[in-house]
Amino acid sequence: MTQDELKQAVARAALDYIAPKLNDESVIGIGTGSTANYFIDFLAEIKADVNLTVASSEASADRLRGHGIPVVDLNTVDEITFYVDGADEADRSLALIKGGGAALTREKIVAAVAKEFICIADGSKDVHVLGNFPLPVEVIPMARSYVARELVKLGGSPVYREGVITDNGNIILDMYNFMIPNPKATEQAINNITGVVTNGIFAMRPADLLLLATEDGVIEKKL
């Protein structure tokens, strides 16, 4: 199977997981990226059963609306029933690296509100230790140089992601050469740097369910 076929398979598995559990009160959070896009396209097949959705990016919101699926602002709902999103890496504790699409802050907010966070990925994203994928850090623009110097002190090699402005009007520094054996502590340490909005480690709020697409089918992993 190609990587796109694996992404489609795991997106379909996520739809099959949540579809029987939907009701008139359900709110579905939708992430950002290629795997999330496949999920949105499959969700359109059952849009008559979809009450409301909340998107983690303008791009995902536009795609949902394009299918005629209702999208609301997060501030109008108290809870998200299911949040479905991809990941750049996932470890055994279901801690994640996210933010390759520069939507990490909004994704982290939606995840915080979600009752159940379902991460969908292909098997190549399953790792023993996070860090082979460069860790995105969203930064207030005026703090870029200061934050970069502080990230170097933590042992990484931050690189400015040129030409990228987040939906929040901020910039991204990607941390290379930075393995993360203790995701929770590292997530907190980076977030404590003045000027950092948030970073792409999802360990304080990990996934509840990880669906991994492999050549042998979709594997479920839970905490």
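1. Observations concerning the side chain of Thr186
- Along the chain, Thr186 falls in helix α6 (residues 183–191).
- Relative accessible area serves as the criterion here: at 15%, Thr186 is assigned to the buried category.
- Only 3.0 Å separates the side chain of Thr186 from the backbone oxygen of Asn182, close enough to count as a polar contact.
- When neighbours within four sequence positions are excluded, Thr186 is seen to be in contact with Phe178, Ile180 and Ile201.

2. With respect to helix α5 (residues 144–153)
- For α5, the full list of buried residues reads Val147, Ala148, Glu150 and Leu151. Along the long axis of α5, the arc covered by the buried residues comes to 165°, so they all point the same way. Seen from the open side of α5, the exposed residues pointing more than 90 degrees away from its buried face are Arg149 and Lys153.
- Where the residues of α5 are buried, they touch β7 (135–139), β8 (157–160), β9 (171–176), α6 and β10 (196–199).
- Downstream of α5 by one or two residues, Gly155 has phi in the positive range, about 110°.

3. Quick notes on the sheet that holds β10
- Here four strands make up an open sheet; going across it, the order is β8-β9-β7-β10 and the pairing antiparallel. The sheet terminates laterally at β8 and β10, the two strands that pair on one side only. Across the sheet, the mean angle separating the axes of adjacent strands is 30° when strand polarity is ignored.
- In terms of strand pairing, β7 meets β9 through five bridges, oriented antiparallel. Bridging from a neighbouring strand, Leu135 pairs with Met175 of β9.
- Sheet strands touched by helix α4 (residues 104–113): β7, β9 and β10. Its angle to β10, the strand with the most contacts, is close to 65°.
- In the packing of α6 onto the sheet, contacts are made with β7 and β10, and the angle to β10 comes to roughly 165°.

4. Here we look at the environment of Ala36
- Here Ala36 is to be found in helix α2 (residues 34–43).
- Taking the C-alpha atoms as reference points, Ala36 and Tyr146, 110 residues apart in sequence, are found 33 Å from one another.
- Contact partners of Ala36, with chain neighbours within four places excluded, come to Gly31 and Asp85.

5. With respect to α6
- Looking at α6, one finds that the buried residues are Pro183, Thr186, Glu187 and Ile190. Seen along its axis, α6 keeps its buried residues to an arc of 105°; they face one direction.
- In this structure, the buried side of α6 is in contact with α4, β7, α5, β10 and β11 (201–202).

Conventions adopted
All residue numbers refer to position in the chain's written sequence, counted from 1. Totals for whole chains, interfaces and linings use every residue, but because this is a predicted model, local features are given only for residues with pLDDT of at least 70 and side-chain atom pairs only at 80 or more, for both listing and counting. Side-chain descriptors were evaluated using all non-hydrogen atoms of the structure, hydrogens and water having been removed beforehand. The numbering of helices and of strands both runs from the N terminus, where a helix is a DSSP run of H or I of at least 4 residues and a strand a run of E of at least 2. Relative accessibility under 20% of the residue-type maximum defines a buried residue, over 50% an exposed one, and the middle range a partly exposed one, all with a 1.4 Å probe and only protein chains included. Polar contact is defined as a pair of N or O atoms within 3.5 Å, subject to the rule that within protein one atom must be able to donate a hydrogen and the other to accept it, and that residues adjacent in sequence are counted only when both atoms are side-chain atoms. What makes two residues a contact is simply this: any of their non-hydrogen atoms within 4.5 Å. Our arc is simply the arc of the directions from the helix axis toward the C-beta atoms. The rule for pairing is simple: two strands pair if DSSP sees at least two bridges between them. To obtain each axis, a line is fitted to C-alpha atoms, and for helices this fit is confined to the stretch in contact; angles are then taken between N-to-C directions over 0 to 180 degrees.

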